[in-house]
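So you can see what is in the structure, the chains are spelled out below.
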Amino acid sequence: MAAEVATIPLLTPYKLGKFNLSHRVVLAPLTRLRSYGNVPQPHAVLYYSQRTSKGGLLIAEATGVSDTAQGYPDAPGIWTKEQVEAWKPIVDAVHAKGGVFFCQIWHVGRVSNQGFQPNGQAPISSTDKPFTPQNGIDVADFTPPRRLKIEEIPQIVNDFRLAARNAIEAGFDGVEIHGAHGYLIDQFMKDQVNDRTDQYGGSLENRCRFALEVVEAVANEIGADRVGIRLSPFADYMESGDSDPKALGLYMAESLNKYGILYCHMVEPRMKTIGEISDSPQSLVPMRKAFKGSFFVAGGYQREDGNKAIAEDRADLVVFGRLFLANPDLPKRFKLNAPLNKYNRDTFYTSDPVVGYSDYPFLEDNA
């Protein structure tokens, strides 16, 4: 059998709960900062539909659950009627091409400043510890956070629940809870940040309590078969490291089983900081084995190691960020083993509705 007609592991079909996927190449949730005034824009219709293939799974960019959840300019939200209505044509465009579309819902916690917060208040977190001036963090960008009182936590859980309900109303097939990369849920889980002495701090079980309350509330609201979560136990983004990341990852993988959610999406240990791949002796395999649902991996994957992850049963699906950003027809390029467009990091987060967003060429455009 000639190499070009053999089906590579990444392009084999997969049944993700009730969704029949035609391949295992997933669009990562990618912040693009082009939702002016926190409202998704018409140009996102083209961007997402370009990256849609029949039976392909897309995860939308991180979307704020409330007016306290924002920490970046022009990141979308899903807490108002206007935002829900604005998402509808984007979701419709993905569905029109046969794609499956999940909305990633997030709260940034302390990765924010007063300028993004209602009435100029302090951002909320598990802690009142501000960032320290190191690791390329410009502390001037952040306002020291306010530690959530124990009686306020149910309201934040409820914000996630309502955001999930709104996502389904907007037409999304499900939601991915953002529990990674140093944002609010991660700020509770990681012992480098969480210094609480109540039932939300201290032990591993206590630190994971908030995350699991969010999972439970969202699963009860929209059905566990429409819920995923993204976790990065090994990462140290935004000063959110943990002293025992393997134990954290395993505890979460095992605990998630009792809610029967659709998938767990983990970031590889080699992605310790944004965009930098480093050697790591650690592995996600123990979490893969512990978690009973579908397991997604992300973090610096290319065609070859993506195929290997599927072939070796280390993952069910592989999530691609920068490569998919720069190659709207990535599954097709993988199939043909075609050359890839190079991504331009300078336009990842710029405000232009076309440049660096929907202007990356398709294969036939290059012909």
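Residues numbered from 1 in each chain as written. Predicted model: local features only at pLDDT ≥ 70, side-chain atom pairs only at ≥ 80, totals over all residues. Heavy atoms only, no water.

With their axes 9 Å apart at the nearest point, helix 3 (residues 153-169) and helix 5 (residues 204-222) run at an angle of 35 degrees to one another. Considering how the two elements wind past one another, helix 3 and helix 5 form a crossing that is right-handed. Between helix 3 and helix 5, the contacting residues are Ile153, Ile156, Val157, Phe160, Arg161, Ala164, Arg165 and Ile168 on the first element and Phe210, Glu213, Val214, Ala217, Val218, Glu221 and Ile222 on the second. For the contact of helix 3 with helix 5, the residue count by class is 11 nonpolar, no polar and four charged. (Axes fitted to C-alpha atoms, helices over the stretch in contact; angles between N-to-C directions. Helix = DSSP H or I, 4+ residues; strand = E, 2+ residues; numbered from the N terminus. Left-handed = near helix turned anticlockwise from the far one by under 90°. Contact = heavy atoms within 4.5 Å. Nonpolar A, V, L, I, M, F, W, Y, C, P; charged D, E, K, R; others polar.)

Turning next to the nonpolar core. Grouped together as the largest cluster of nonpolar side chains are 100 residues, with contacts concentrated most on Tyr48, Ile105 and Phe210. Take this core: its biggest share by element is 10 residues, from helix 5. Ignoring any residue separated from it by four or fewer positions in sequence, one finds Ile105 in contact with Thr63, Val65, Ile78, Phe160, Ala163, Ala164, Val175, Glu176, Ile177, His178 and Val218. Formed by nine residues, the second largest nonpolar core is a distinct cluster that contains Ala75, Trp106, Val108 and Val111. (Core = buried A, V, L, I, M, F, W, Y, C linked by side-chain atoms within 4.5 Å. Buried < 20%, exposed > 50% of the residue type's maximum accessible area, 1.4 Å probe, protein only.)

Moving on: helix 1 (residues 43-50). Here helix 1 lies mainly inside the structure; six of its eight residues are buried. The set of residues buried in helix 1 consists of His43, Ala44, Tyr47, Tyr48, Ser49 and Gln50. Those residues of helix 1 that are buried are in contact with strand 3 (25-27), strand 4 (57-59), helix 2 (81-96) and strand 6 (100-106).

Relative to the elements of secondary structure, Arg110 occurs in the loop between strand 6 and strand 7 (124-125). For the buried residue Arg110, which engages in no salt bridge, the nearest side chain bearing the opposite charge is Glu239, 4.4 Å off. Among the polar contacts made by the side chain of Arg110, one reaches the main-chain carbonyl oxygen of Lys129 at a distance of 3.0 Å. (Lys, Arg positive; Asp, Glu negative; His and termini not counted. Salt bridge = Lys/Arg side-chain N within 4 Å of Asp/Glu carboxyl O. Polar contact = N/O pair within 3.5 Å; in protein donor to acceptor, adjacent residues only side chain to side chain.)

Everything listed here is a matter of coordinates, which is why it stays silent on function.
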